[in-house]
Amino acid sequence: MAKERENFNSSLTAVMALAGSAIGLGNIWRFPYMVGQNGGAAFIIIYLVSSVLLSLPILMSESIIGHKTGQGTFGAMDTLAPGTKWKWLGLLTIVSPLIILSYYSVVGGWSISFLLQSLSKGFHSAEQVSTMFSGLISSAWTPVIFHTFFLLFCAFVVSAGITSGIEKFNKYTMPMLFVLIVLIMVYSLNLPGASKGVEYMIKPDFSKLNGHAIASAMGQSFFSLSLGVGTILTYSSYIRKDKNILTAGLGTAGFDLLFALIAGFAIMPAVFAAGIEPGAGPGLIFETLPHIFVRMGEGAPVLVRIVAVLFFVTIVFAALTSAISMYEVGVTYLVDEKKISRRKATVLIFAGTWTLGALCSLSFGPLADFKILGQTLFNFCDLLTSNFLMTFGGLLFVIFVGWKMDKTTVRDEFTNGGRAKFNCALFDTFYFLLKYIAPVAIVVIFITNFVG
Ligand code: PHE
């Protein structure tokens, strides 16, 4: 007789795990630079609207599938649509989070290295900072070693199981992350010249808001909520049957949004206070911010050292909680479907993602000339997943719930069998958004990603 499947102990810890998956590098690194590049508050408004009208319905559709079946991606598809091609969606959403995990762990490794740097020598000159990042990523061994540490930590938590590993880790880490990011925001808002950054975040510049910016806002909210790759589905399968998944979904989206906004108010004022261009792009955390630490450090070195350490601790732990959710998708599949032990499954996933991650890491150095469709391996994996597989998976999930599953089953799951009155009141709106609006919006994001 197989061991009984575990569950999260409470709604709150389930939300913390889901929010742990959602809150990650996307909030601290991607969101602020996207705001920077796309017109500040105008972008934030579109982001808020698309989170509610688009991402939330997609999140709920994944949650419905996972919670209804109590199974991971493959098992869930096999149960709801046995013997059909939908099983490919189940398989796709095992492969895509594992590809993301591979390169995400490389970035997680860079964060550990920057954390150690801020703990040991700190950031003191512009030259040191400029060469540090490029030196780190292009060397052969160092980033691979940090990637190994990062992934080992994930493996350690995942192998301990849902309650003793994932639930426990998120229960302590998530409140800590909120406290840290608020502390950093308070520091940043008190810097001389910070008000320009605040103004930038709250005063909309609609002239920058073109079609590309709108699709980027939708895509960002998609990435930030971990949609389309089965992580939300898998975690939802561990939520107790009698719990309300709408509450969990709203809690997850709410915390994710709040964290992104606080991160924006932590980073943008510092960017302006240091007199740096807000549209710095992807190099923001590893290149621009250390420069800021150097400039600020001339005034109050000890305080700035502490802020730098807190900042990189935040990044490392936010990345870990997200990476763990991707890891769990693969482990759930192997444990549920292939009936192997959790420990063995953890080792197998480690072997695969470590190898791909190490190759991605080397693609900044020794393997820089190895290209797939003109891209280095790291960039290829990133583009393939965030521009293609995530949106594709999300599209198929909403089509499945909106068009293939029977409406009564969906309503039943959404409203806890009609018992949750608030959910009943929202159901028609949710169903309309899910069935008609979400698929069209996803196709728009998809095409925009392709075109430019
Ligand atoms: N949502 C995570 C972030 O913001 C990234 C992620 C994507 C996590 C897909 C899980 C699955 O960083």
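Just above sits the structure.
Residues numbered from 1 in each chain as written. Predicted model: local features only at pLDDT ≥ 70, side-chain atom pairs only at ≥ 80, totals over all residues. Heavy atoms only, no water.

With respect to the nonpolar core
Link 1 in the chain: If you look at the biggest cluster of nonpolar residues, it comprises 160 residues, and the most contacted ones within it are Phe8, Trp110, Phe123, Phe293, Phe311, Phe312 and Tyr327.
Link 2 in the chain: Here this core gets 20 residues from one element, more than from any other, and that element is helix H14 (residues 301–337).
Link 3 in the chain: Apart from the residues within four sequence positions on either side, Trp110 is in contact with Phe133, Leu136, Ile137, Pro143, Phe286, Phe364 and Phe378. (Core = buried A, V, L, I, M, F, W, Y, C linked by side-chain atoms within 4.5 Å. Buried < 20%, exposed > 50% of the residue type's maximum accessible area, 1.4 Å probe, protein only. Helix = DSSP H or I, 4+ residues; strand = E, 2+ residues; numbered from the N terminus. Contact = heavy atoms within 4.5 Å.)

Points about empty space enclosed by the protein
Link 1 in the chain: Summed over all chains, the structure comprises 2 cavities of 30 Å³ or more.
Link 2 in the chain: Space inside the largest cavity adds up to approximately 140 Å³.
Link 3 in the chain: Around the largest cavity sit 17 residues that line it, and Ser21, Tyr104, Phe223, Ser226 and Met326 are the ones nearest its centre.
Link 4 in the chain: When residues of the lining of the largest cavity are traced back to their parent elements, those giving at least two are helix H1 (11–22), helix H2 (25–37), helix H5 (87–119), helix H10 (211–224) and H14.
Link 5 in the chain: Residues that form the lining of the largest cavity fall into these classes: 9 nonpolar, 8 polar and no charged.
Link 6 in the chain: If you add up the space inside the second largest cavity, you get close to 100 Å³.
Link 7 in the chain: If you go around the second largest cavity, the residues you meet are Ile184, Tyr187, Ser188, Ala266, Ile267, Ala270, Leu289, Ile292, Phe293, Met296, Val307 and Phe311.
Link 8 in the chain: Mapped by element, the contributors of at least two residues to the lining of the second largest cavity are helix H8 (162–189), helix H12 (245–273), helix H13 (288–297) and H14.
Link 9 in the chain: Per-element accounting of the lining of the second largest cavity gives the leading share, 4 residues, to H13.
Link 10 in the chain: Of the residues belonging to the lining of the second largest cavity, the class tally is 11 nonpolar, 1 polar and no charged. (1 Å grid on protein atoms, 1.4 Å probe; cavity = no way out; pocket = protein on both sides within 12 Å on 5 of 7 lines; lining within 4 Å. Points joined across faces, edges and corners; volume = space filled by probe spheres on them. Nonpolar A, V, L, I, M, F, W, Y, C, P; charged D, E, K, R; others polar.)

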